[in-house]
Amino acid sequence: MVSTNANALGIIFPNCYEDLLPEMTCERTMASVPFGSRYRMIDFVLSSMSNCGISNISVLVKKNYHSLMDHLGAGREWDLSRKHGGLNIVPPFYEENVKVYGGRVEALASIVNFLSIQKEKYVIMSDANLAVNVDFSSFIERHVESGADVTMYYQSIPIPESIHNHNHTLKVENGRVVELLTNDNRPGIQNLSMNIYIMERETLIQMIRDANIRNLTSFERDILSRNLALLNVQGIQYTGYVARICDMKSYYDENMKLLKPENLAALFGGKNTIYTKIRDDAPTRYAMDCRIKNSMVADGCIIEGDVENSILFRGVRVKKGAKVRNCVLMQDTVVEEGADVEYVVTDKRVKITADKQLNGTDTFPVYVAKAHTV
Amino acid sequence: MVSTNANALGIIFPNCYEDLLPEMTCERTMASVPFGSRYRMIDFVLSSMSNCGISNISVLVKKNYHSLMDHLGAGREWDLSRKHGGLNIVPPFYEENVKVYGGRVEALASIVNFLSIQKEKYVIMSDANLAVNVDFSSFIERHVESGADVTMYYQSIPIPESIHNHNHTLKVENGRVVELLTNDNRPGIQNLSMNIYIMERETLIQMIRDANIRNLTSFERDILSRNLALLNVQGIQYTGYVARICDMKSYYDENMKLLKPENLAALFGGKNTIYTKIRDDAPTRYAMDCRIKNSMVADGCIIEGDVENSILFRGVRVKKGAKVRNCVLMQDTVVEEGADVEYVVTDKRVKITADKQLNGTDTFPVYVAKAHTV
Amino acid sequence: MKECIAMLLAGGQGSRLYALTQKLAKPAVPFGGKYRIIDFPLSNCVNSGIDTVGILTQYQPLELNEYIGNGQPWDLDRLYGGVHVLPPYQTATGSDWYKGTANAIYQNIDFIERYQPEYVVILSGDHIYKQDYSKMLEFHKAKGAACTIAVMEVPMEEASRFGIMTADENDRITKFEEKPKQPESNLASMGIYIFTWKKLRQYLCQDEADPNSENDFGKNIIPNMLAAGEVMSAYHFAGYWKDVGTIASLWEANMDLLNPNVPLDVWDDKWKIYSRNSGMPGHQIGANAEIDNSMITEGCRVDGVIHNSVLFAGVKVGAGALIEDSILMPGAVIEPGAVVQYSIVAENVTVRSGAQVGCRPEDMADRSNWGVAVIGGGITVGYKAKVMPSAMVTKDVKDGEEQW
Amino acid sequence: MKECIAMLLAGGQGSRLYALTQKLAKPAVPFGGKYRIIDFPLSNCVNSGIDTVGILTQYQPLELNEYIGNGQPWDLDRLYGGVHVLPPYQTATGSDWYKGTANAIYQNIDFIERYQPEYVVILSGDHIYKQDYSKMLEFHKAKGAACTIAVMEVPMEEASRFGIMTADENDRITKFEEKPKQPESNLASMGIYIFTWKKLRQYLCQDEADPNSENDFGKNIIPNMLAAGEVMSAYHFAGYWKDVGTIASLWEANMDLLNPNVPLDVWDDKWKIYSRNSGMPGHQIGANAEIDNSMITEGCRVDGVIHNSVLFAGVKVGAGALIEDSILMPGAVIEPGAVVQYSIVAENVTVRSGAQVGCRPEDMADRSNWGVAVIGGGITVGYKAKVMPSAMVTKDVKDGEEQW
């Protein structure tokens, strides 16, 4: 092939790690959690794949995926509306005898027939709890060059406390993963898996079939870690920008970090655009007497009040005399006249009525659930 | 609105009546049953809706819908890949607490929130067991003119025996339905419901909410028939061409009927095209010594043998010396050298090996399941 | 078959917008923070239920073509119908550029007849307004007209700039004059016509056969139809409408968006104006920025002071820079400390530190020379350079230079 | 950024196909039962992984435009890239129709540079062949060439009809002559070029500046590059390739599809030829029909006898009609008892009962006058009328008339 089309297909697990953010995922998947003023978490990995020529992507949904299906539609915004391949949302009960799955292996088992008739040589798997702008082309290249069976990305960072019971860490020697731990809680910098894997499609199919026969469910614990002597698993340290959502606090912090121009540039700069669903909002309107400082604002907002150190998603209204400080306000939040909110995360369509005051703290941002009126 | 856009949204139940055709629906929905050389059953109602400007269509799938999702894709072939509305496949577990549904009412309950925020005034509901090229514009018009609460289409025909336990019949007086029976088995011509309904969206939402509270599940038995005194339900006799799939025999017969030019013209003629998924097959190739009579053949076939009174779907191969008479051969069926098949229905990718003979009768066509080799 | 299709005349070079239309068809000129002019008629079509639009163009269509693409941003990527850009072409018997507005339609009769429309709406690509054409069509049908012209009342003193109609009490047009010196009425044509296609086709063919015709709707087709006694109706339009064919009117129309008293509302969810998206993240406002009465869109980074201005996607305004009453088109970069007042700054312009572009009328000794300054696409205005009011800059301005 | 994009020259009027290209650009001429000529180069692009294609056209583009649409049938509706039809246009400094093949590319340098390609493939819109351009590109890169030309060996006696190359043992071209009277070799150019874009750009600009140039690839660009000592490579192609620029070759290429011994296979799933679908149901064969060695597609109804023929979508052949060695394009209707032999019958032609179109060469007394008969689009051949071999019919033939 002449073009930049990658010889890999993509698999995304949109429901993984939802239990870390139960407030926001009771009516949506982790993949559809809003992030960074106008995106959903899945936009990052999906755009990264599309930008690297990966144009056959399966999203293995489990539950609560109406908002994700609505967001993804036919995949047009990510250039994934294709005659062959493209975006493929795989729901439960899709085939006879396929039930709602538990672990990653069961989810993969539901598409093993599909996988076996695809043409791409490699498979890249990812969750949707990280906002990253990954260069998958170089990931594929390094995997092919090393001759590994499996290659995975890790970050070298301290393990966030909230995922002490929900992580995989690696011991890497000369690039090869020699130990893969589950639920590591050692202090200090560790090699934390990003759960982004590449391997040959045939290898994955074989792994799933084997695991199914033995009734194994965890890809990391049951398949990878037990076979590190047999399998050449390579670990690559990822040094790019990563926003990792582990709980409400990290959700808040990772949004706020984007107010630093260097972080914004690290995530969105470069040649690869992050695509998202288009809402056709008008530009944001700043009224005559508004005041705004150090904030990130999407389109379709109308700002008449006072906004500082905040992230405003599409269609937010801040009315006259309202004060918004250190907040993350999701789509179509309305802050009415004279209301005062600080350290607050509002979900979609929240309304803060006139003159109400709502304050969290920097360590404990207050969350207001979808469509609630305060 | 200037255009022919209809002020109605569509709802299709693709799994209805599957139990009448268990052989063919164990791995697919009724909606994805192949019909008429290159179509699937759902193409007819879906194209009819699209042709009449209905561009917001929900398909409420229940199980075995992988082939249906593959067939429908993003709805592009039906011009239903739209920014607003378009084709909306609703699987189980789509929203929290929505389970795999039993009856039509439960299925509707899973989209009642969706329905409540749509803009169209009317809703048209249909199953996918009839191949019909309906003019929904006139259906809407007649419903609006009559001022009815609900309008439904019926055929005046004898009730096919195989649906004696699976039908609704109507008694109609001056256009109004005064009695709605379930599982009617009277002989002679009856007013057999086509299960195609129109009503106001708000009316339907009210009906679903009421039924849900009362734990009612059948739209016809529990909602319509009990309320005929209160509800103005109008029945319209449908006089156009209808291919009704009630069992394997009727499946076979309805395919065969299309060999009559007048039937073909009645179903496909007129201004409204029936759309289907494009396979990009080459034209059908007739080899030097082939023989073909009274048959309907889709693209991509290669005919070297002898074909008579048969329907050949896309990609069928009839090799040298093979004989195919009175058969329905679905996609990519291969009839090898010297094989002889008569009164046979082959599913997709069936192979009849060389010199085999397989005969059904006109009252009992033999069915060969998907991908079997005989 | 389509009941009604639209043909959009996007052909003109827009020479009065000179610096902005050097490499760009006029309808593709950016407007209102995230739109281009053509988004308004296109969105009007879609919102009115017209799903088939032909765009007639022969001038610099590359960017317009790319912008329209398959029409998906306007939901106009249809199996049958949708949006089509129609350039002139050669036939077996010869070839012609479009000679006039009527000739452009004439050359595309084959396109129109594919859809067998009963009615054809003729639109311009250089007007900013929101209109439901379906209501105008209803009026056209009710009047049994051969042609309906959308009209609005203009101040009598401006009437001689327009096509002016006289209509009777039933809105039947009795007289039409193109830019009359002594206007008889103040009913001005908005350049929006609905024709019964059968009739229009007939007059287009007659017009084409007339070697003395300028092949123009206003100068030939409309007068000919009127002279022949066809039923011509005037449809009164009351909302906001502006021809943005000049720098002054383009600037004003952008400023109108910032004026809450002007009835041009792009925030109305019921009549969205669609456009192709920039794909950039939300805009960033720095800790020392000051903004009021302005429109800002995705990808901007503002560290300076913005008053009464419209910023398009990806604009950067450095610390201490001052932007007043100005329009900064996509990708413009205003470096720290530069001042931009009463100006239109086109795509990808760089204004270096300390430069001054335009000025406020109140700061001029002789206001008769005042006007909006325009910097053409891709230009760099050098360090401490000065671009005077009314200037039209089409070449880089060197450091420290003054440009008139 | 794209590594390689394709530019497809679809401009020519195709005057040698006269009756077929009266209202149709040559690349849009139907071919092979359900394709149009342009489906072959377009499908080759997609199958080779080239997802950005510019189609240069200025002649009757309406049907071609409509056929290409948003490129979806070829999977070329892309967010970035995809297929674009590029007509000539006017700029601020003037306007020009495409003067030659090289000028057509020159006028679209802006389009090409949007994608910053390293390589550009130049293709023709009138060749039938299947080729993996990615292999040719690999060859181009390996040779470090400025230009690679696909070549095939032709019989020496036909060499003077082609651009003929002499190449050394490393496939480096040492000589190029356009239609030489005394050919030195039988390596013919297939009109398929890969250029390193930087180089091509330079020679296009030089060529444009030369007032004596014909602005043609074969006559100017290639000889100039060769003269300047650029590395020019000949890439040997072995498969089926045919220029279908004449009636005879168009007819032959269709017939080649029916010949199992000719390596042109459209049934190969690994290299599909894509086309826009007719949307019609499967074809119907009547109880008394007779068919052999033919291709038939959707929407046809055959009650007559078909030998060695290609039927396009929606063709009707009545009872007792005889079709031999002929091509019936979409929508053609052959009424009962009519005879069509060695003919090309264009779209929506009606041949009435008892008419005779074309004849077999063996039935001619003087074979020197024999040739394929052509009926142009939409023509009616009247009851018992006769269309002689080699005729090119562009007007209705009345009942009982003979047409030469």
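Just so it is clear, the model here is predicted, and its values are computed rather than measured.

## Looking at the overall build of chain C
Phase 1 of the analysis: What chain C contains, in helices and strands, is eight helices and 34 strands.
Phase 2 of the analysis: Relative to the compact-globule value of 22 Å for 404 residues, chain C shows a C-alpha radius of gyration of 22 Å, a close match.
Phase 3 of the analysis: Dimensions of chain C, computed from the C-alpha atoms along their principal axes, are close to 65 × 50 × 45 Å.
Phase 4 of the analysis: Out of the 404 residues in chain C, the part that is buried amounts to 64%.
Phase 5 of the analysis: When contacts within chain C are restricted to residue pairs at least 6 apart in sequence, those whose partners lie at least 24 apart make up 57%.

## Thoughts on the domain arrangement of chain A
It is common to report an interface's size as the accessible area lost on association of the parts.
Residues and elements named next belong to chain A.
Phase 1 of the analysis: Assigned domains within chain A: domain 1 (8-268) and domain 2 (285-368).
Phase 2 of the analysis: In this structure, domain 1 and domain 2 have C-alpha centres spaced 33 Å apart.
Phase 3 of the analysis: Listed by partner, the interface residues are 19 residues for domain 1 and 23 residues for domain 2.
Phase 4 of the analysis: Note on domain 1 versus domain 2: buried area summed over both sides is about 1700 Å², and carbon and sulfur give 69% of it.

## Some points on the environment of Ile192(C)
All names here are of chain C.
Phase 1 of the analysis: Residue placement: Ile 192 occurs in strand S13 (residues 187-196).
Phase 2 of the analysis: Exposure remark for Ile 192: the relative accessible area of 0% places this residue in the buried category.
Phase 3 of the analysis: Note: C-alpha distance between Ile 192 and Cys 147 (45 residues apart in sequence) is 10 Å.

## Some words on unusual backbone geometry
Phase 1 of the analysis: At Asn326(A), a residue that is not glycine, the phi angle is positive and equals roughly 50°.
Phase 2 of the analysis: If you check the backbone angles, Arg349(B) has positive phi at about 60° while not being a glycine.
Phase 3 of the analysis: Among the residues examined, Arg349(B) registers a relative accessible area of 44% and is labelled partly exposed.

## Side note on the sheet that holds strand S32 (residues 386-387) of chain D
Residues and elements named next belong to chain D.
Phase 1 of the analysis: Taken in spatial order, the seven strands line up as S17-S20-S23-S26-S29-S32-S34 in an open sheet, and their pairing is parallel. Every interior strand has two partners, whereas the edge strands, strand S17 (290-292) and strand S34 (402-403), have only one.
Phase 2 of the analysis: Judged from the two bridges that link them, strand S29 (residues 356-357) and S32 form a sheet pairing that is parallel. Counted as the bridge partner of Gln 356 is Lys 386 from S32.

## Description of the pairing of strand S6 (residues 122-127) of chain A
The side chains of a regular strand alternate between both faces of the sheet.
All names here are of chain A.
Phase 1 of the analysis: A large share of S6 lies buried, amounting to six of its six residues.
Phase 2 of the analysis: Burial of S6 is two-sided: the residues Tyr 122, Ile 124 and Ser 126 facing one way and the residues Val 123, Met 125 and Asp 127 facing the other way are all buried.
Phase 3 of the analysis: In this sheet, S6 lies alongside strand S1 (residues 8-13) in parallel orientation, the contact comprising six bridges. The residue of S6 that forms the bridge with Leu 9 is Val 123.

## Structural notes on the interface of chain C and chain A
Phase 1 of the analysis: Contact with chain C, which involves 38 residues of that partner, is made by 33 residues of chain A.
Phase 2 of the analysis: Between chain C and chain A, the buried area comes to about 2800 Å², and carbon and sulfur atoms account for 47% of it.
Phase 3 of the analysis: Counting across the interface, chain C meets chain A through three salt bridges.
Phase 4 of the analysis: Across the pair Arg76(A) and Asp77(C) runs a salt bridge, and its minimum N-O distance is 2.3 Å.
Phase 5 of the analysis: Of all the elements in the fold, those that place two or more residues in the side of chain C that touches chain A are strand S16 (283-285), strand S17 (290-292) and strand S18 (294-296) of chain C.
Phase 6 of the analysis: A class-by-class count of the residues in the side of chain C that touches chain A yields 16 nonpolar, 15 polar and seven charged.

## Some thoughts on empty space enclosed by the protein
Residues and elements named next belong to chain A.
Phase 1 of the analysis: Overall, the coordinates contain 13 cavities of 30 Å³ or more when judged by the stated rule.
Phase 2 of the analysis: The space that makes up the largest cavity amounts to roughly 90 Å³.
Phase 3 of the analysis: What lines the largest cavity is a set of 15 residues, among which Tyr 17, Asn 129, Ile 163, Ser 193 and Arg 244 lie closest to the centre.
Phase 4 of the analysis: In terms of residue count, the dominant contributor to the lining of the largest cavity is strand S11 (residues 189-200) (four residues).

## Re the side chain of Lys2(C)
Residue and element names in this part refer to chain C.
Phase 1 of the analysis: Within the fold, Lys 2 resides in the segment before strand S1 (4-9).
Phase 2 of the analysis: Look at Lys 2 and you get buried, because its relative accessible area is 12%.
Phase 3 of the analysis: A polar contact is formed between the side chain of Lys 2 and the side chain of Asp 51, at a distance of 3.2 Å.
Phase 4 of the analysis: Reaching out from Lys 2, the side chain makes a polar contact with the backbone oxygen of Tyr 80 at a distance of 3.1 Å.
Phase 5 of the analysis: Not counting residues within four places of it along the chain, the set of residues in contact with Lys 2 comprises Asp 51, Thr 52, Tyr 80, Gly 81, Tyr 115, Gln 116, Pro 117 and Glu 118.

## Quick notes on the state of the cysteines
Phase 1 of the analysis: Taken as a whole and assessed by the stated rule, the structure comprises zero disulfides over all chains.
Phase 2 of the analysis: Here Cys26(B) stays unpaired: no disulfide links it, and the sulfur of Cys16(B), its closest cysteine neighbor, is 18 Å away.
Phase 3 of the analysis: Owing to a relative accessible area of 42%, Cys26(B) belongs among the partly exposed residues under this scheme.
Phase 4 of the analysis: With no disulfide of its own, Cys205(C) lies 16 Å from the sulfur of Cys147(C), the closest cysteine sulfur.

## A closer look at helix H2 (residues 41-51) of chain B
Residue and element names in this part refer to chain B.
Phase 1 of the analysis: Of all eleven residues in H2, ten are buried, a share of seventy percent or more.
Phase 2 of the analysis: Among the residues of H2, those classed as buried are Met 41, Ile 42, Asp 43, Phe 44, Val 45, Leu 46, Ser 47, Ser 48, Met 49 and Ser 50.
Phase 3 of the analysis: At the exit of H2 stands Gly 53, carrying a positive phi of roughly 85°.

## With respect to helix H2 (residues 61-68) of chain D
Spacing of three or four residues puts side chains on the same side of an α-helix, whose turn is 3.6 residues.
Phase 1 of the analysis: Listed in full, the buried residues belonging to H2(D) are Pro61(D), Leu62(D), Leu64(D), Tyr67(D) and Ile68(D).
Phase 2 of the analysis: Those residues of H2(D) that are buried are in contact with strand S5 (82-86) and helix H4 (109-113) of chain C together with strand S3 (35-36), helix H1 (39-47), strand S4 (52-56) and strand S5 (82-86) of chain D.
Phase 3 of the analysis: Downstream of H2(D) by a residue or two, Gly69(D) has a phi angle that is positive, lying close to 50°.

## Thoughts on the packing of helix H6 (residues 197-209) of chain C against helix H7 (residues 217-227) of chain C
All names here are of chain C.
Phase 1 of the analysis: Where H6 meets H7, the closest approach of the two axes is 10 Å, and the angle between their N-to-C directions is 115°. Crossing of H6 against H7: the hand is right-handed. Within the contact between the two elements, H6 uses Lys 199, Leu 200, Tyr 203, Leu 204 and Asp 207 and H7 uses Phe 217, Asn 220, Ile 221, Asn 224 and Met 225.
Phase 2 of the analysis: A per-class count over the contact of H6 with H7 returns six nonpolar, two polar and two charged.

## With respect to the pattern of salt bridges
Phase 1 of the analysis: For the coordinates displayed, the defined rule picks out 88 salt bridges over all chains.
Phase 2 of the analysis: The salt bridge involving Arg221(A) is made with Asp222(A); its shortest N-O contact spans 2.9 Å.
Phase 3 of the analysis: Note on Arg221(A): relative accessible area 43%, which makes it partly exposed.
Phase 4 of the analysis: For Asp222(A), a relative accessible area of 5% gives the class buried.
Phase 5 of the analysis: The salt bridge involving Lys242(C) is made with Glu252(C); its shortest N-O contact spans 3.1 Å.

## Description of the sheet that holds strand S14 (residues 284-286) of chain A
Phase 1 of the analysis: With mixed pairing, the eleven strands of this open sheet are ordered in space as S26(A)-S23(A)-S20(A)-S17(A)-S14(A)-S18(C)-S21(C)-S24(C)-S27(C)-S30(C)-S33(C). Of all the strands in the sheet, the pair left with one neighbour each is strand S26 (351-352) of chain A together with strand S33 (392-393) of chain C.
Phase 2 of the analysis: Pairing between S18(C) and strand S21 (residues 310-311) of chain C: two bridges, direction parallel. Paired with Ile296(C) across the bridge in S21(C) is Leu311(C).

## A look at the packing of aromatic side chains
Phase 1 of the analysis: With the rule as written, the count across this model stands at 46 aromatic pairs over all chains.
Phase 2 of the analysis: Measuring from centroid to centroid gives 5.4 Å for Tyr67(D) and Trp74(D), while their planes differ by 70°, and the two rings are edge-to-face.
Phase 3 of the analysis: The buried category is assigned to Trp74(D), whose relative accessible area is 0%.
Phase 4 of the analysis: Ring geometry for Phe162(D) versus Trp241(D): centroids 6.3 Å apart, planes at 50°, classification tilted. Of this pair, Phe162(D) sits in the loop between strand S10 (147-153) and strand S11 (163-167) while Trp241(D) sits in strand S15 (residues 241-243), and the two are 79 residues apart along the sequence. The same class applies to Phe162(D) and to Trp241(D), which are both buried.
Phase 5 of the analysis: Through a chain of ring-to-ring contacts, three or more aromatic side chains come together here, namely Phe35(A), Tyr39(A), Phe44(A) and Phe268(A).
Phase 6 of the analysis: A cation over a ring is seen here: Arg104(B) above Phe13(B), with NZ or CZ 4.6 Å from the ring centre.
Phase 7 of the analysis: Lying across the ring of Tyr67(D), Arg36(D) places its NZ or CZ 4.9 Å from the centre.

## Observations regarding the pairing of strand S6 (residues 122-127) of chain B
Phase 1 of the analysis: In the sheet, S6(B) pairs with strand S11 (residues 189-200) of chain B via four bridges, with the strands oriented antiparallel. Paired with Tyr122(B) across the strands is Glu200(B), a residue of S11(B).

Rules behind the numbers
- Residues numbered from 1 in each chain as written.
- Chains lettered and ligands numbered in written order.
- Predicted model: local features only at pLDDT ≥ 70, side-chain atom pairs only at ≥ 80, totals over all residues.
- Heavy atoms only, no water.
- Helix = DSSP H or I, 4+ residues; strand = E, 2+ residues; numbered from the N terminus.
- Rg over C-alpha atoms; globule rule 2.2 N^0.38 Å.
- Buried < 20%, exposed > 50% of the residue type's maximum accessible area, 1.4 Å probe, protein only.
- Contact = heavy atoms within 4.5 Å.
- Domains from an automatic or database assignment.
- Buried area = accessible area lost by both parts, 1.4 Å probe.
- Pairing = 2+ DSSP bridges.
- Salt bridge = Lys/Arg side-chain N within 4 Å of Asp/Glu carboxyl O.
- Nonpolar A, V, L, I, M, F, W, Y, C, P; charged D, E, K, R; others polar.
- 1 Å grid on protein atoms, 1.4 Å probe; cavity = no way out; pocket = protein on both sides within 12 Å on 5 of 7 lines; lining within 4 Å.
- Points joined across faces, edges and corners; volume = space filled by probe spheres on them.
- Polar contact = N/O pair within 3.5 Å; in protein donor to acceptor, adjacent residues only side chain to side chain.
- Disulfide = S-S within 2.5 Å.
- Axes fitted to C-alpha atoms, helices over the stretch in contact; angles between N-to-C directions.
- Left-handed = near helix turned anticlockwise from the far one by under 90°.
- Phe/Tyr/Trp six-rings, centres within 6.5 Å; stacked < 30°, edge-to-face > 60°.
- Lys NZ or Arg CZ within 6 Å of the ring centre and 35° of its normal.

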